[in-house]
Amino acid sequence: MTSDTPILHLLCGKVAAGKSTLARTLADDGALLVAQDPWMARLYPTELRTIEDYLKLSARLRAAMTPHLVDLLCAGLSLMLDWPANTVASRRWMREMAEGGGATARLHWLDVPDRQCLTRLDARNAGGEHEFTVSHGEFAALARYFEPPREEEGLPIVRHLPG
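Presented here is an overview of the structure given in this document. A quick note: this is a predicted structure, and the numbers were derived from the prediction, not measured.

Here is what the cut-offs are and how they apply
- Residues numbered from 1 in each chain as written.
- Predicted model: local features only at pLDDT ≥ 70, side-chain atom pairs only at ≥ 80, totals over all residues.
- Heavy atoms only, no water.
- Salt bridge = Lys/Arg side-chain N within 4 Å of Asp/Glu carboxyl O.
- Helix = DSSP H or I, 4+ residues; strand = E, 2+ residues; numbered from the N terminus.
- Buried < 20%, exposed > 50% of the residue type's maximum accessible area, 1.4 Å probe, protein only.
- Phe/Tyr/Trp six-rings, centres within 6.5 Å; stacked < 30°, edge-to-face > 60°.
- Lys NZ or Arg CZ within 6 Å of the ring centre and 35° of its normal.
- Core = buried A, V, L, I, M, F, W, Y, C linked by side-chain atoms within 4.5 Å.
- Contact = heavy atoms within 4.5 Å.
- Pairing = 2+ DSSP bridges.
- Axes fitted to C-alpha atoms, helices over the stretch in contact; angles between N-to-C directions.
- Left-handed = near helix turned anticlockwise from the far one by under 90°.
- Nonpolar A, V, L, I, M, F, W, Y, C, P; charged D, E, K, R; others polar.

## Here we look at the pattern of salt bridges
- All chains considered together, the criterion is met by five salt bridges.
- A salt bridge links arginine 95 to glutamate 99, with the nearest nitrogen and oxygen atoms 3.7 Å apart. Here glutamate 99 and arginine 95 lie together in helix H4 (residues 88-100), a separation of four residues that amounts to about one turn.
- Looking at arginine 95, the relative accessible area reads 22%, which means it is partly exposed.

So this is what it looks like as structure tokens:
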């Protein structure tokens, strides 16, 4: 692949690990930012109440957006996909999307301890600027779905440790 090959940047990390902050930074370097949370908040303002709702509705959004995202990659645009790549299955979907769009995938893993995520979560909730408020209980429930990335998945991993 040449340097003109688009890159699909992926983000892996628990809630409040700093994925959206990193996404904005990477987008400033020339990738088009495509964030899941604003879409979910606008499309499903009353339907999204539980983790089960999230799983169902995010799958619906993913199905609708995949062809468009592949088209953007095929057009040569690098994308910063601010969607959680927190499971093997989600990373497989994203890797296949990159391949379908002729792009290179790059996984950014924000390896942040739970305690630090919870501190950031409290600050985020208090600030009121994020689309969603997440409780400590919801954090714990979502953390149970988290699967750390492994090299065997076939994605280059850029590991970001707390600074």
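## Focus on the packing of aromatic side chains
- The final tally for this structure, using the stated rule, is one aromatic pair.
- Here tryptophan 83 and tryptophan 93 contribute two aromatic rings whose centre-to-centre distance is 5.5 Å and whose plane-to-plane angle is 45°, an arrangement assigned as tilted. Within this pair, whereas tryptophan 83 is found in strand E3 (residues 79-84), its partner tryptophan 93 is found in helix H4, the two being separated by 10 residues in sequence. Neither residue differs from the other here; tryptophan 83 and tryptophan 93 are each classed as buried.
- If you follow arginine 62 out to its NZ or CZ, it ends over the ring of tryptophan 93, 5.2 Å from the centre.

## Focus: the nonpolar core
- Counting residues in hydrophobic clusters, the biggest one holds 28 residues, and the most contacted among them are Leu8, Leu10, Leu69, Leu81, Trp83 and Met97.
- Sorting the residues of this core by element identifies strand E1 (7-12), helix H3 (51-74), E3, H4 and strand E4 (104-110) as the ones contributing at least two each.
- Broken down by element, this core gets its largest block of residues, seven residues, from H3.
- If sequence neighbours within four positions are ignored, leucine 8 has contacts with Leu73, Leu79, Leu81, Met94, Met97, Ala98, Ala103, Thr104, Ala105 and Arg106.

## Considerations on the environment of threonine 119
- By secondary structure assignment, the location of threonine 119 is in helix H5 (residues 114-127).
- Its relative accessible area of 52% is what places threonine 119 among the exposed residues.

## Concerning the sheet that holds strand E2 (residues 32-35)
- Pairing in this open sheet of five strands is parallel, and the strands run E2-E3-E1-E4-E5 from one edge to the other. Of all strands in the sheet, those bounded by a partner on one side alone are E2 and strand E5 (157-160). When the angles between neighbouring strand axes are averaged without regard to direction, this sheet yields 20°.
- With six bridges joining them, E1 and E4 adopt parallel strand pairing. Within the sheet, the bridge partner assigned to leucine 11 lies in E4 and is histidine 108.
- Along the sheet, helix H1 (residues 19-28) contacts E1, E2, E3, E4 and E5; its crossing angle with E3, the most-contacted strand, is approximately 175°.

## Re the packing of H3 against H4
- Contact geometry for H3 and H4: axes closest at 8 Å, N-to-C directions at 35°. The crossing of H3 and H4 is right-handed. For the pair H3 and H4, contact is made by Arg62, Thr66, Leu69, Val70, Leu73 and Cys74 and by Trp93, Met97, Ala98 and Gly100, respectively.
- Here the residues of the contact of H3 with H4 sort into seven nonpolar, two polar and one charged.

By themselves, these observations are geometric and do not establish any function.
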